[in-house]
Structure formats: C-alpha cells, structure tokens
Amino acid sequence: MARSFFILYHFSGRRFSDSFRGFFFIPTILALITSLFVLFYISSTSNLFTHPQETHLQVLKSAIGSSAFSPPSHQFMRVPAETPHLSRGFEFNTKGNYVNNKEVFHDRNLFVEDYKEMNRSFKIYCYPHKRDDPFANALLPVDFEPGGNYASESYFKKVLMKSHFITKDPSKADLFFLPFSIARLRHDPRVGVGGIQDFIRDYIFNISQNYPYWNQTGGADHFYVACHSIGRSAMEKADEVKLNAIQVVCSSSYFLSGYIAHKDASLPQIWPRQGDPPDLASSERKKLAFFAGSINSPVRERLLQVWRNDSEISVHFGRLTTPYADELLGSKFCLHVKGFEINTARIADSLYYGCVPVIIANHYDLPFADILNWKSFSIVVATLDIPLLKQVLKGISLDEYLMLQSNVLKVRNHFQWHVSPVDYDAFYMVMYELWLRRSSVRVPLSTPMDPIH
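Report follows, based on the coordinates. (Residues numbered from 1 in each chain as written. Predicted model: local features only at pLDDT ≥ 70, side-chain atom pairs only at ≥ 80, totals over all residues. Heavy atoms only, no water.)

1. Focus on the pattern of salt bridges
Within the structure shown, the criterion is met by 16 salt bridges. For Glu117, the salt bridge identified is with Arg120, shortest N-O distance 2.7 Å. Taken together, the residues span about one helical turn, with Glu117 and Arg120 both in helix 4 (residues 108-121) at a distance of three residues. Since its relative accessible area comes to 59%, Arg120 is described here as exposed. Across the pair Lys242 and Glu236 runs a salt bridge whose closest N-O atoms are separated by 3.5 Å. Note on Glu236: relative accessible area 39%, which makes it partly exposed. (Salt bridge = Lys/Arg side-chain N within 4 Å of Asp/Glu carboxyl O. Helix = DSSP H or I, 4+ residues; strand = E, 2+ residues; numbered from the N terminus. Buried < 20%, exposed > 50% of the residue type's maximum accessible area, 1.4 Å probe, protein only.)

Take a look at the structure:
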C-alpha cells in the first residue's frame, strides 16, 4: 500500500494526508472489485456477450459436441449394451474448448458393474409400523397404484417394500428408511401443511428413543423420499434430518439451503403412464418448441412475454385446446421452465414422447446426474437467455438434433415407474443413487432434539 502511494505521489507531485489517501483509494478499489464481480457473473451465466452468429454454436458444443450421429432406436434399453469403454471424459476441440462425448452414461462400464453389485448386496432396513398405527396412511405403502403429479414418492415406497433390498435384520442394513410420506401428511387433517414439521420432529425423537440406529450416526445412514414441494420446509424443526440424513427429493435445487448436493439426491418427478411409450417413427414434429403450464414464476412470465405470439415457439398458459400428448409429439423441443419450484413433470413428459427437453431452470440438480450425461440428450438454457432461445435451437443441425433425440429414446426407460420394477427403470436408478451414498459419514449434532411436551 505504501509503495502504491509513493508512486502516486511521484507522478502527481502532491502529498496526500493519510486520511485523504484512505478516503480516495478504498471506495475506488471496492467499486472496481464490485464491477469486475458483476461482469464475471453476467458473462458466466449468459450468452449476451457472445457474438450473435456464434452463440448457438458455443451452447451446442458445450451441450452435445460434434461427432457423427447414430440412427435412433425406438426400443426400450432394458440392459445397457456390451460396448468398449466409452467414458473418455472431456476432450479438446480444434479451438481449445472442452467438448464432452455424446454417450448417455458418464461411464457405462462402471455403472453396469456397480449396478450388479448393488443388486447383489445392497440392503435397507425400514422402521416397522403396524396396520393399526394411527398414521398408517402416511407410514405404510399405499394399497393402490399411485397416480398424479407427485406419484414418484408413493411409487418408490410401494416398490421398495416388496423388493429384495429390504432386510429385517438391522445389522445387515446399509441404510435405514424413514417411511413417512410428506404428500399424504399434507392431506391428513390431523397434520396438514402447518403440522408436518412437528410430526417429523416427533417421529425422529421416537425412533431415536426406541432404536439405537439413529443415534449411532446422527442419522447419516438414514434417508427419506419426498416429491411434493412442501418437503423442502418439512425438516425445519428436525435439523439432524436436514443436515445429516439423505434427502431424496424432487425439489433438488442448489439454491435451496436445505438441499445439499452429493449428500442428497434428486428424485425425478414423473406423471405415471400405462404401457409402452408411443411409436415415434410416424410422428411429425413441425413445431420448433412447446410449453404449456401455469404462469406462476418470473421465469415463466418472461417466457410468455418474449415468445407468446411466436409462430415457431408455442407457449400456452391455461387450458389447451388440443391434447397435451399431441403437442409433445408434434414438437422437436419441449420446454421445462421453472415454476413455483424448480421441478416439474415436464422433463419426464418430454422423454416419454421423444421430445428433446430444453431445461430453463437455474441451479437444478438434475435427476440421476451421477449416472447420466444430460448434455447428450437435453439442452440447458440459462433463464437470463430466454430471448436467445430460438437462436440457440435453430442453430442445431438436423444430424445433431437426431443424435439428441436418439439419446432421448435411450434414456426414457430410466424415467418410468412400474409396480413390478424393471431393470434400470426409475426405481432401480434411485436405488443406485442411494447405493452410491451408502458410505457417507457425517458428524452428529452435539445436542439432541427435544420432544414436544
């Protein structure tokens, strides 16, 4: 600092008092740092500073690379095909930029081997509850086939409880399942939205008093599953669950303080559909992009404002006049746009109907991101870049689009639920995510939670 002032003095020929020098330089330095930070943030989250003719190329190359396209397959991939080692990580293109390969798995061989080991050895202990439990409706699996927007939560528990992963011997368990259902507690008049936090706190206190397993790790080897957005605040009175336990949730945002990436896992939000997906060979995709939904967020408001009257990007709010499935089948790209929460069922909808998903939702920890290479079958557009949406999508060549759609058809079986699970379906993929987290160890909190008196 002294040397800097000496240089200033030398060139100006004036002496500054200590107080005046501090007054002059500190605000200037702070303003400079702030300006640099703002410019860095904008340039790292937007394409607005990119040359207009190169914007879509840079986005595309970061998303899918530039190798040859392989013909699409219209069949379910029940088991990953035996192939040479495909995960080569990142490569450099001729301009020195990173380009990811176009395989749908980060490492297919590693995944297949780990999957076999998971199926063979993974064990889960579920805290037992009887049929006459006052809250059996929220603690036991449903006795019907789940449906609706939050079916993933019920499907997982229903399938898990009948699977070979369940053990009645806690000493053999890798993880412990907390079987409460956030969605069903929400509709229980005895609990409701306002009472869920108290219910969870009491539940954890009870199992910590009646079983030794929670106290051994502070809940680090426990997990729960929730798809409804109310789950993000359900643990506010149970800090050990939020900080230690594995949260498998649909509202998986890096932006939320209650969600901890790599400890927690993203649950895909899937609207269940019966039977195999439709035959896509005859579908004619004449629209560039499609979105329909409530305008319940600033992001969706911006999308509607920019593209509402466009002839190639179809944006709807309110009730559609045409079948939803027909719109998905008739569009090349289907938009997943952040609403009240970061998650919706639109990604799974897109995949089911063979439409390449475009994800407009910052900070979304995408489902199965530990396994699947999302850059190979989807496009991610920053919310700030909604005005550039058409430019990005129209910059994708036919061969590049066919490669994306081919990969969509390869991964869509991972986003389906079955009452009797099928290898590599949504249930087994969630189980694999849990298996990856089975060895996590965290330090328990120093003070236990107090029960309600």
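2. Structural notes on helix 16 (residues 426-436)
Taken across its 11 residues, helix 16 has 10 buried, putting it largely inside the fold. Within the span of helix 16, buried status applies to Ala426, Phe427, Tyr428, Met429, Val430, Met431, Tyr432, Glu433, Leu434 and Trp435.

3. What about the nonpolar core?
With 77 residues, the main nonpolar core has Phe156, Phe223, Phe333, Leu372, Leu389, Met431 and Leu434 as its most contacted residues. Looking at this core element by element, the count peaks at nine residues for helix 16. Counting residues in each nonpolar core, the second largest holds 30 residues, with Tyr125, Tyr127, Ile182 and Ile230 among its members. (Core = buried A, V, L, I, M, F, W, Y, C linked by side-chain atoms within 4.5 Å.)

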